[in-house]
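Structural overview
Letter by letter, the chains look like this.
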Amino acid sequence: MDNRDIWNLIHETWSALIGHYEPVLDRIATESRLSGRRWSVLWSVLSFEPESTTPGHLLVRSPYTAVEHYLEQLRALTEIGLLNEISDGEFRFTAKGREWTNKLIRDVRNVMSEVDPLSKNDGVELSELLQKMVESCLNNPPPPDTWSIQLSHKLMPEKEPSLPYIEQAFSCLAAYRDDSHLAAWQQSGLSATSLETLTLIWSERVHSLNEIVDLLSHRGHPYQVYVDALKELLSNKLIEGSIDDLKLSSVGKSFRDKVEEDTDRFFFAPWSCLTESDRKELEFLLNKLRGGLLSV
């Protein structure tokens, strides 16, 4: 398997695992009056420690979301007693928030251990292969910077039981993918909202301004932000057409294709640590884990 095939297999395996633990996570969050997916913000708060958390911290990995939206999420967590706003826009855990977040992580990881279809030896071997990949990413010289993967790596559990460790290793690799993607486009000077808008047009998921606004409503930006994003893309000749009939230009296709190529180049560079034997064993174990999770 080539690098992309292995990455796709990791994603498929991860999705099969998520299918087991996400319902539990969502149920616990709902019982605790934690609407939406705000539990993910709490995991970010945990990873930022010992620093406080600000919207700016959250924007580093995901610059596509409005500052106000992140601030609203943090203040909503403050209202239910999980965070303290220690100064304007700066947040830390309350004792209750830390206890709740750690319990949530424990409960979810217990579910992973219960559904683990791998033998102990297979789990150890897969953990070691993934550890090798994650450490290679962490030690690879920039680009990209390793902001996201370093934070994700702070949440690594012990190696036993193996499946929670494997799942967090998946998360670390996904974080490095985010680091790689940011490095691939941020030097262009294009705004984050323009890049995300361009990506939607490039992938043919949207064809009009209204479709963009609807699809990205979760980002918390007002309508005008996407009007401005389209103006930026038009002025750079990356798109053409009208707001009701948006099309990718040849310049835009070349630009966005290059972003994807650079993302892959940065992301897969550390995978040179894998021998041919490693790759075959990784493929075998991931398929075994994926198949076992889908049959549980």
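In short, a report on the structure. Position numbers for residues start from 1 in each chain and track the written sequence from start to end. Totals for whole chains, interfaces and linings use all residues, but because this is a predicted model, local features are given only for residues with pLDDT of at least 70 and pairs of side-chain atoms are given and counted only at 80 or more. In computing side-chain values, all of the structure's heavy atoms are included and hydrogens and water are not.

1. Let's talk about the overall build of the protein
How we decide: Secondary structure elements are taken from DSSP: a helix is a run of H or I of four residues or more, a strand is a run of E of two residues or more, and numbering for both begins at the N terminus. Each radius of gyration reported is based on C-alpha atoms, and the globular scaling rule is 2.2 Å times the count of residues to the power 0.38. Partly exposed residues are those whose accessible area sits between 20% and 50% of the maximum for their type, while under 20% is buried and over 50% is exposed, using a 1.4 Å probe and protein chains only. Between two residues, a contact is recorded if the distance between any of their heavy atoms is within 4.5 Å. Surface exposure here means Shrake-Rupley accessible area, sampled with a 1.4 Å probe, where a residue is shielded only by the protein chains that are shown. When charges are counted, neither His nor the chain ends are considered; positive counts come from Lys and Arg and negative counts from Asp and Glu. Here the site of a charge means atom NZ of a Lys, CZ of an Arg, CG of an Asp or CD of a Glu.
The helix and strand tally for the protein stands at 13 helices and four strands. What you see for the protein is a C-alpha radius of gyration of 21 Å, in line with the 19 Å of a compact globule of 296 residues. Its C-alpha atoms put the protein at 60 × 50 × 35 Å along the principal axes. Scored against the burial criterion, the 296 residues of the protein give a buried share of 50%. Within the protein, residue pairs in contact and separated by at least 24 positions form 70% of the contacts whose partners lie at least 6 positions apart. When the accessible surface of the protein is summed, it comes to about 14200 Å², and 50% of that surface belongs to carbon and sulfur atoms. Charged side chains of the protein number 31 positive and 46 negative; the gap between the two group centres comes to 2 Å.

2. Details of the layout of surface pockets
Cut-off, in case you're wondering: Buried and open spaces are told apart on a 1 Å grid over the protein atoms alone, a cavity being a set of points where a 1.4 Å probe fits but cannot get out and a pocket being an open set with protein on both sides within 12 Å along at least five of seven lines. Residues with an atom within 4 Å of a point are the lining residues. Grid points are joined across faces, edges and corners, and a volume is the space filled by probe spheres set on the points. When residues are grouped by polarity, Ala, Val, Leu, Ile, Met, Phe, Trp, Tyr, Cys and Pro land in nonpolar, Asp, Glu, Lys and Arg in charged, and all others, Gly among them, in polar.
If you add up the space inside the second largest pocket, you get close to 240 Å³. Val60, Pro143, Pro144, Asp145, Trp147, Ser148, Asp179, Leu182, Ala183, Gln186, Gln187 and Phe266 are the residues that line the second largest pocket. Looking at the lining of the second largest pocket, the elements that each hand over two or more residues are helix H7 (147–153) and helix H8 (162–185). Of all the elements, H8 adds the most residues to the lining of the second largest pocket, at three residues. Looking at the lining of the second largest pocket residue by residue, the classes come out as seven nonpolar, three polar and two charged.

3. Re unusual backbone geometry
Geometrically, the link from Glu49 to Pro50 is a cis peptide bond, its omega value of 15° lying close to zero. Examined against the element boundaries, Pro50 turns out to sit in the loop between helix H2 (39–48) and helix H3 (55–61). Notably, Glu204 is not glycine yet its phi reads approximately 60°, a positive angle. Locating Glu204 in the fold gives a position in the loop between helix H9 (192–202) and helix H10 (209–215).

4. Description of the pattern of salt bridges
Between side chains of opposite charge, a pair can form as their charged atoms come close. For clarity, the threshold we go by: The term salt bridge refers to a side-chain nitrogen of Lys or Arg lying within 4 Å of a carboxyl oxygen of Asp or Glu.
Overall, the coordinates contain 18 salt bridges when judged by the stated rule. Residue Glu31 is joined to Arg27 by a salt bridge in which the shortest nitrogen-to-oxygen separation is 3.3 Å. Of this pair, Glu31 and Arg27 both sit in helix H1 (residues 3–31), separated by four residues, roughly a single helical turn. For Arg27, a relative accessible area of 44% gives the class partly exposed. Note that Lys132 is salt-bridged to Asp278, the shortest N-O span being 2.7 Å. With a gap of 146 residues between them, Lys132 in helix H6 (residues 120–139) and Asp278 in helix H13 (residues 276–295) connect regions that are remote in the sequence. Overall, Lys132 belongs to the partly exposed group, its relative accessible area being 33%. Residue class for Asp278 comes out buried when judged on its relative accessible area of 13%. Via salt bridges that share partners, Arg4, Arg177, Arg256, Glu260 and Asp264 belong to a single interconnected network.

5. Notes on empty space enclosed by the protein
Scanning the model with the defined rule gives one cavity of 30 Å³ or more in all. Surrounding the largest cavity, Tyr21, Trp43, Ile105, Val108, Arg109, Met112, Leu155, Glu167 and Gln168 form its lining. Secondary structure elements with two or more residues in the lining of the largest cavity: helix H5 (95–115) and H8. Broken down by element, the lining of the largest cavity gets its largest block of residues, four residues, from H5. In terms of residue class, the lining of the largest cavity is built from six nonpolar, one polar and two charged.

6. Comments concerning the packing of aromatic side chains
The description of an aromatic ring pair uses the distance of the two centres, along with the angle that the planes make with each other. Inclusion rule: By convention, a stacked pair of Phe, Tyr or Trp rings (six-membered ring in the case of Trp) has centres within 6.5 Å and planes under 30 degrees apart, an edge-to-face pair has planes over 60 apart, and any other such pair is tilted. Placement of a charge over a ring requires the Lys NZ or Arg CZ to be within 6 Å of the ring centre, with the centre-to-atom vector within 35 degrees of the ring normal.
Counted by the stated rule, this structure contains ten aromatic pairs. These aromatic residues form a ring-pair network of at least three members: Trp7, Tyr176, Phe267, Phe268 and Trp271. Seen from the ring of Trp202, Arg256 lies directly overhead, with NZ or CZ sitting 4.1 Å from the centre.

7. Looking at the pairing of strand E4 (residues 245–248)
Quick note on the threshold: When DSSP finds at least two bridges between two strands, those strands are taken to pair.
Where strand E3 (residues 239–242) meets E4, four bridges bridge the pair, whose relative direction is antiparallel. Bridging across to E4, Gly241 finds its partner in Leu246. Connecting the antiparallel pair E3 and E4 is a turn made up of two residues.

8. Here's the deal with the environment of Cys172
Checked against the element boundaries, Cys172 lands in helix H8. Residues Cys172 and Arg256, 84 residues apart in the sequence, show an inter-C-alpha distance of 25 Å. Excluding residues that lie within four positions of it along the chain, Cys172 makes contacts with Val134, Ile149, Ser152, His153 and Met156.

9. Examining the packing of H6 against H8
Note the cut-off: In this analysis an axis means a line fitted to C-alpha atoms, helices contributing only their contacting stretch, and an angle means the value between N-to-C directions, from 0 to 180 degrees. Orientation is classified from the angle alone, with under 35 degrees giving roughly parallel, over 145 giving roughly antiparallel, 65 to 115 giving roughly perpendicular, and any other angle giving oblique. In this scheme the crossing of two helices becomes right-handed for a clockwise turn of the near helix relative to the far one and left-handed for an anticlockwise turn of less than a right angle.
Running from N to C, H6 and H8 cross one another at 25°; their axes reach a closest spacing of 9 Å. Classified by the angle between their axes, H6 and H8 sit roughly parallel to one another. As H6 runs across H8, the sense of the crossing is left-handed. Across the interface between the two elements, Gly123, Val124, Leu126, Ser127, Leu130, Gln131, Met133, Val134 and Cys137 of H6 pack against Ser162, Tyr165, Ile166, Ala169, Phe170, Cys172, Leu173 and Tyr176 of H8. In terms of residue class, the contact of H6 with H8 is built from 13 nonpolar, four polar and no charged.

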